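Take a look at the letters that make up each chain.
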Amino acid sequence: MAEGENEVRWDGLCSRDSSTRETALEHIRQIVLRKTEYLRSVKETLYRPSDGLSNAVSLDGMNKLLAHLLMLSKRCPFKDVRERSGFILKSVEELGIRIPRPLGHGPSRFIPEKEILQVGSEDAQMHALFADSFAALGRLDNITLVMVFHPQYLESFLKTQHYLLQMDGPLPLHYRHYIGIMAAARHQCSYLVNLHVNDFLHVGGDPKWLNGLENAPQKLQNLGELNKVLAHRPWLITKEHIEGLLKAEEHSWSLAELVHAVVLLTHYHSLASFTFGCGISPEIHCDGGHTFRPPSVSNYCFCDITNGNHNVDEMQVNSAGNISVSDSFFEVEALMEKMKQLQECRDEEEASQEEMASRFEIEKRESMLVFSSDDDEVTPARDVSRHFEDTSYGYKDFSRHGMHVPTFRVQDYCWEDHGYSLVNRLYPDVGQLIDEKFHIAYNLTYNTMAMHKDVDTSMLRRAIWNYIHCMFGIRYDDYDYGEINQLLDRSFKVYIKTVVCTPEKVTKRMYDSFWRQFKHSEKVHVNLLLIEARMQAELLYALRAITRYMT
């Protein structure tokens, strides 16, 4: 762990037993006060040149420790830990040491903090979920606090992620976190990279691996190609990719290890989409989440543009842009009317198989023409790009440069009949967990749309899911793709495609511009559909290639 934290044991704070937490807090308080006294003594004496480096290291270690306490004072589900952490920070400040304060305005840059459940105000059921998450990871992260809009999904998500990262499985713990780093880095998601760098070191990972992928074992380096193709162009995955990993002599992967790795890669590619799609802020204790500078008198805050590609002009427009409330209200009414008309058309007539196939091809072609006005290349930062190779490789539409990819027919290979059983056979119980998560995301509904209640949203949810799969060339024979253009307008399609294919390019303007009358909880719900549909699409291509190799 980082210097300054290595003698601190945070694990005791995760205990359900208050006396265990009390003992751990007292131990932490004594360490902090000891370090505070040392730093005060250094300030009061003249620096000796030979002490310069060690003093700087001590200060850096102390700052990391204080940042961790700040996080606990704001984000720990246990009230005693929140209060005692705040008390320790106050004691340090009274002794003349500057303490950190949070940057930003809550867990998301897109969603006002007052609309997100505050830690400490949750009910008993949610408290139990928060406590489970905190006990597993030692933190209650911002992704969890945004997903909490949908508790049923959050519970399934946390259970799956806990199993993938911490329960018995084919891969050692440090490999799991390193694969998470590799996957998140493909989308330049410094938020997830930073979290898993800390987790990787916490479980005993070699710090040298973090200097770049070339410093990791050859076995992990070999996974780089699959990571790259899976993240950006999964339709190009073949059984040869699988064979290359399984037959690499002393660096070979077993089938069980490879399935574990594939599930981790798809999980973190999708989670990067959620992170950017919901504007997740840096964690309080990580870079960009706190500052030791005193508050500025200016309203302008650098934190508003960190970890994102926003400009000042963008922050000055209101969330609805120049669109009046009445116009956005009309958009909801129009969407409701289209859903009603489509349902009536379904009841009256059914298109032929030829017509359905034609509509799919039209929608697939049109999806390639959807791009944002902000569609510029994003250059990855060095601290992220070192975790993967071929930084120029990104998403490309199917037919660019004359390339043609055959349509993937779900009737020939689907998750329910093929992928699920393959995952469960090679990595027991995980298929069940993922399947449950897919079903919850797909079927989740509160029967509301903006200000309307008692609405059947199944048609809209299916259009979103199938549009994402259509972008990946995946076709459902029984779906009329003509419905997509009726239900999803251009601004929504731009947002969907950006979140799913190039999430690092998502802006607050894109988030604000679709479904302007819908609640933030509904936009988070959309993101859950996007990430699960994306994960399933990637899994289908990878698992089909594994199946072809096995047969």
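Remember, predicted model here, so these are calculated numbers, not experimental data.

Colleague: So, the overall build of the protein chain: which residues are in play, and what are the values?
Modeller: Of regular secondary structure, the protein chain possesses 23 helices and six strands. For the protein chain, the proportion of its 551 residues judged to be buried stands at 53%. Within the protein chain, counting contacts between residues at least 6 apart in sequence, those at least 24 apart form 77% of the total. When the accessible area of the protein chain is evaluated, it comes to approximately 24500 Å², of which 51% is carbon and sulfur surface.

Colleague: So what's going on with the side chain of Glu532? Residues and values would help.
Modeller: Here Glu532 shows up in helix α23 (residues 520-550). Assessed through its relative accessible area of 1%, Glu532 is described here as buried. A polar contact is formed between the side chain of Glu532 and the side chain of Lys437, at a distance of 3.0 Å. Ignoring sequence-local partners within four residues, the contact set of Glu532 consists of Tyr153, Lys437, Phe438, Ala441 and Trp465.

Colleague: Report on empty space enclosed by the protein, specifying residues and quantitative values.
Modeller: Tallying each qualifying case throughout the model produces three cavities of 30 Å³ or more. By volume, the largest cavity is sized at about 80 Å³. Lining the largest cavity are 13 residues, with Arg139, Asp141, Gln161, His196 and Leu271 sitting closest to its centre. Residue assignment for the lining of the largest cavity shows that the elements contributing at least two residues are α6 (151-166), α8 (190-202) and α12 (255-277). A per-element tally of the lining of the largest cavity places α8 first, with four residues.

Colleague: Tell me about the confidence of the model for the protein chain, and please be specific about residues and values.
Modeller: Of the residues in the protein chain, 82% have a pLDDT of 70 or more, and the chain-wide mean is 85. Summarising per-element confidence for the protein chain, the mean pLDDT is lowest in helix α13 (residues 312-316) (36) and highest in α12 (98). The low-confidence segment residues 1-5, where pLDDT is below 50, has 14 contacts with residues more than four positions distant or belonging to other chains. In the model, residues 297-323 has pLDDT below 50 throughout and makes 35 contacts with residues more than four positions away in sequence or in other chains.

Colleague: Can you explain the environment of Leu65? Please cite residues and give values.
Modeller: For Leu65, the position within the fold is in helix α2 (residues 52-75). Overall, the relative accessible area of 0% leaves Leu65 in the buried class. Residues Leu65 and Ile31, spaced 34 residues apart in sequence, show a C-alpha to C-alpha distance of 9.8 Å.

Colleague: Give me the lowdown on the environment of Ala216, citing residues and values where you can.
Modeller: Its location among the elements puts Ala216 in the loop between α8 and α9 (218-222). A residue is classified by how much of its surface remains accessible, and Ala216, at 6% relative accessible area, is buried. For the pair Ala216 and Tyr178, spaced 38 residues apart in sequence, the C-alpha separation works out to 9.1 Å. The contacts of Ala216, once residues within four sequence positions are left out, are Tyr178, Trp209 and Gln221.

Colleague: Report on the nonpolar core, specifying residues and quantitative values.
Modeller: When a protein is soluble and globular, its nonpolar side chains tend to lie buried together. Membership of the largest hydrophobic core comes to 135 residues, with the highest contact counts inside it found for Met147, Leu223, Trp253, Leu258, Phe274, Ile464 and Ile496. Broken down by element, the residue count for this core peaks at 16 residues, all from α23. Apart from residues lying up to four places away in sequence, Leu258 is in contact with Leu223, Leu226, Ile242, Leu245, Leu246, Trp253 and Ile546.

Colleague: Lay out the packing of aromatic side chains with the relevant residues and their values.
Modeller: Scanning all chains against the criterion turns up 23 aromatic pairs. Ring plane angle 20 degrees and centroid distance 4.2 Å describe the contact between Trp515 and Phe518, whose orientation is recorded as stacked. Feature note: the residues Phe110, Phe492, Tyr495, Tyr511, Phe514, Trp515 and Phe518 constitute an aromatic cluster, connected by ring pairs. Here Arg21 stacks its cationic end above the ring of Phe78, 4.1 Å away from the centre of that ring. When the ring centre of Trp253 is taken as origin, the NZ or CZ atom of Lys219, which lies over that ring, is 5.1 Å away.

Colleague: Quick rundown of helix α17 (residues 415-426)? Include the residues and the values.
Modeller: Of the positions making up α17, those classed as buried are Trp415, Gly419, Leu422, Val423 and Leu426. The buried residues of α17 occupy one face: seen down the axis, they fall within an arc of 105 degrees. Turned more than 90 degrees from where α17 packs its buried face, Asp417 and Arg425 sit exposed.

Colleague: Describe the packing of α8 against α12, naming the residues involved and giving the relevant values.
Modeller: The axes of two packed helices give the description: the angle between them and the distance between them. For the pair α8 and α12, the least separation of the axes is 9 Å and the interaxial angle reads 125 degrees. Comparing their axes, α12 and α8 come out oblique. Only Tyr268, Leu271, Ala272 and Thr275 of α12 make contact with α8, whose side of the interface consists of Tyr191, Leu192 and His196. Classifying every residue of the contact of α8 with α12 by side-chain character gives five nonpolar, two polar and no charged.

Colleague: Kindly report on the environment of Glu122, identifying the contributing residues and their values.
Modeller: Looking at the element boundaries, Glu122 is found in the loop between β1 (101-102) and α4 (124-137). The exposure class of Glu122 is buried, given its relative accessible area of 12%. C-alpha of Glu122 to C-alpha of Pro77: the two residues are 45 residues apart in sequence and 9.0 Å apart in space. Apart from residues no more than four positions distant in its own chain, Glu122 is found in contact with Pro77, Leu117, His127 and Phe130. Engagement of the side chain of Glu122 in a polar contact is seen with the backbone nitrogen of Gly120, the distance being 2.6 Å. Looking at Glu122, its side chain comes within polar contact range of the side chain of His127, at 3.0 Å.

Rules of the game
- Residues numbered from 1 in each chain as written.
- Predicted model: local features only at pLDDT ≥ 70, side-chain atom pairs only at ≥ 80, totals over all residues.
- Heavy atoms only, no water.
- Helix = DSSP H or I, 4+ residues; strand = E, 2+ residues; numbered from the N terminus.
- Buried < 20%, exposed > 50% of the residue type's maximum accessible area, 1.4 Å probe, protein only.
- Contact = heavy atoms within 4.5 Å.
- Areas by Shrake-Rupley, 256 points an atom, 1.4 Å probe, with all protein chains shown as cover.
- Polar contact = N/O pair within 3.5 Å; in protein donor to acceptor, adjacent residues only side chain to side chain.
- 1 Å grid on protein atoms, 1.4 Å probe; cavity = no way out; pocket = protein on both sides within 12 Å on 5 of 7 lines; lining within 4 Å.
- Points joined across faces, edges and corners; volume = space filled by probe spheres on them.
- pLDDT = per-residue confidence, 0-100.
- Core = buried A, V, L, I, M, F, W, Y, C linked by side-chain atoms within 4.5 Å.
- Phe/Tyr/Trp six-rings, centres within 6.5 Å; stacked < 30°, edge-to-face > 60°.
- Lys NZ or Arg CZ within 6 Å of the ring centre and 35° of its normal.
- Arc of directions from axis to C-beta.
- Axes fitted to C-alpha atoms, helices over the stretch in contact; angles between N-to-C directions.
- Parallel < 35°, antiparallel > 145°, perpendicular 65-115°, else oblique.
- Nonpolar A, V, L, I, M, F, W, Y, C, P; charged D, E, K, R; others polar.

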